[in-house]
Every structure is written in structure tokens, then in C-alpha cells.
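Here's the letter readout for the chains.
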Amino acid sequence: MVSVEVVDPEPRMLPPLPARQLRAEAGGHADGAFPHHLGLTISHVEWRSEITVRAQAGAAGPGGVICAVPAELRIRLIHAEHAIRLARELPPGGCLAAEVLAHERRHAEVNRRVLRETATELRSVARGWAQRAETRAPDINAAAVALQQEFGQLMEPALERLRAARDAGHAAIDTEEEYRRLSRVCPEDQRRLRQALRGG
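To start, this report covers the structure provided alongside it. None of the values given here were measured: they were computed from a predicted structure.

Counting 27 residues, the largest nonpolar core has I51, L73, W129 and F151 as the members making the most contacts within it. With residues up to four places along the chain from it excluded, the contact list for F151 reads W47, S49, I51, L73, I75, A126 and W129.

Packing of helix α2 (residues 95-132) against helix α3 (residues 140-173) leaves a shortest axis separation of 9 Å and a crossing angle of 150°. Of the possible angle classes, the one that applies to α2 and α3 is roughly antiparallel. Relative to α3, the crossing made by α2 is right-handed. For the contact of α2 with α3, the class distribution of residues is 15 nonpolar, six polar and five charged.

Considering the arrangement of structural elements, one finds R20 in helix α1 (residues 19-25). Residues R20 and V6, 14 residues apart in the sequence, show an inter-C-alpha distance of 34 Å.

Looking now at the pattern of salt bridges. Counted according to the given criterion, the structure contains 18 salt bridges. A salt bridge links E160 to R163; the nearest nitrogen and oxygen atoms lie 3.1 Å apart. Of the two residues, E160 and R163 both sit in helix α3, three residues apart, roughly one turn of that helix. Across the salt bridge formed by R180 and E177, the nearest N and O atoms sit 3.8 Å from each other. Taken as a pair, R180 and E177 lie in helix α4 (residues 176-184) at a separation of three residues, close to a single helical turn.

Rules and cut-offs
- Residues numbered from 1 in each chain as written.
- Predicted model: local features only at pLDDT ≥ 70, side-chain atom pairs only at ≥ 80, totals over all residues.
- Heavy atoms only, no water.
- Core = buried A, V, L, I, M, F, W, Y, C linked by side-chain atoms within 4.5 Å.
- Buried < 20%, exposed > 50% of the residue type's maximum accessible area, 1.4 Å probe, protein only.
- Contact = heavy atoms within 4.5 Å.
- Axes fitted to C-alpha atoms, helices over the stretch in contact; angles between N-to-C directions.
- Helix = DSSP H or I, 4+ residues; strand = E, 2+ residues; numbered from the N terminus.
- Parallel < 35°, antiparallel > 145°, perpendicular 65-115°, else oblique.
- Left-handed = near helix turned anticlockwise from the far one by under 90°.
- Nonpolar A, V, L, I, M, F, W, Y, C, P; charged D, E, K, R; others polar.
- Salt bridge = Lys/Arg side-chain N within 4 Å of Asp/Glu carboxyl O.

This is the structure in C-alpha cells:
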């Protein structure tokens, strides 16, 4: 039996940070003339698996070596960290803050959608692997370790595809057109934002 559980709570809202610090956290440089990172979505995914192993009847080899196969495989994909943070200089509760938050929520939805898609893919991959996997080991515990390692190697390509799909989804959101739009909406808030970024 193969089961895949997705643990994906709603993204948390973190306290605001100065725009320059937010830009640095996003991997940019904090010394730009006009930092454009007014929001940041943080996502960290972890995975865990548990394998129950059974020895095949009558399949003992020489020297007491057993032939073992997966009896049960449980996988958990966990959004261990998923949060949104806005820049402190955004006028609180205003039109521009709402626009930036909506932009960041699109990023969060990409993270959640890709996680769900990865779970679906993993379910199929894991079922195929569980049907054909077997190992020979001195005892059932050693067999479980060997199968766990084998499955871990199988997981890596799927997780790499998750990262690639997530990056592509974010790139489709963070376009020049979108940044131009965000720089033009809510003119009064834009004026207040520029004053705040200048320190006045």
C-alpha cells in the first residue's frame, strides 16, 4: 500500500521589514537606489517517508540472507515554512499594500499548486517502485534501510522537477509588465511610499 499525505497550511503573514532588508532576503542587493521588493513569499518544502518491509516467504538465500519487498510506503510532503512578508514602507491598509499582497498570494498559490501536482506524481512513481522493488539483506532491518535509501534516490528527480516548476511559475508572475503595473497603481500610496523610502 502506498499513501501520500500533503501537509500544506495557509501561508502565514510575518511582520513587515524595511524594503531594503526585504530585498536582501530575496537575494538582491540592499544598496539599490529604489528597492523594488515590496513583498516576499517564503517557501520551504520537506519530505519524509516510512517503509514497512516484509520478507518473501521461502526466499531466504545462502547464509540466512533474506529477500525483502516493501509492504507499506507512507510519504509526507510538508510545507514546513510558507509565509508572506510585506515592506514596512507600504502605507498600511492601503490600496498599494493590497495590490502587493495580492501579487504575493499568487506566488503562494504557485507553491501550493506545485506541491499538489508533485504529490500526484509521487503517488504514481511510488506505486510503480513498490511493485517492483526488492532487496537482499542479512535481516529485515537492513532490508528496510536499503529500500529507504533506494526510494530516497528515486525522490530526488521528482523534487528537482518540483523546484523547476515552482521557479517557472514564479517567473511567469514576476514579469516586467507586472512590476510596471505595480509601480503605477494607487498613485497616492506611491507618493507616500517614495517618501518613506527616502526616509521622509
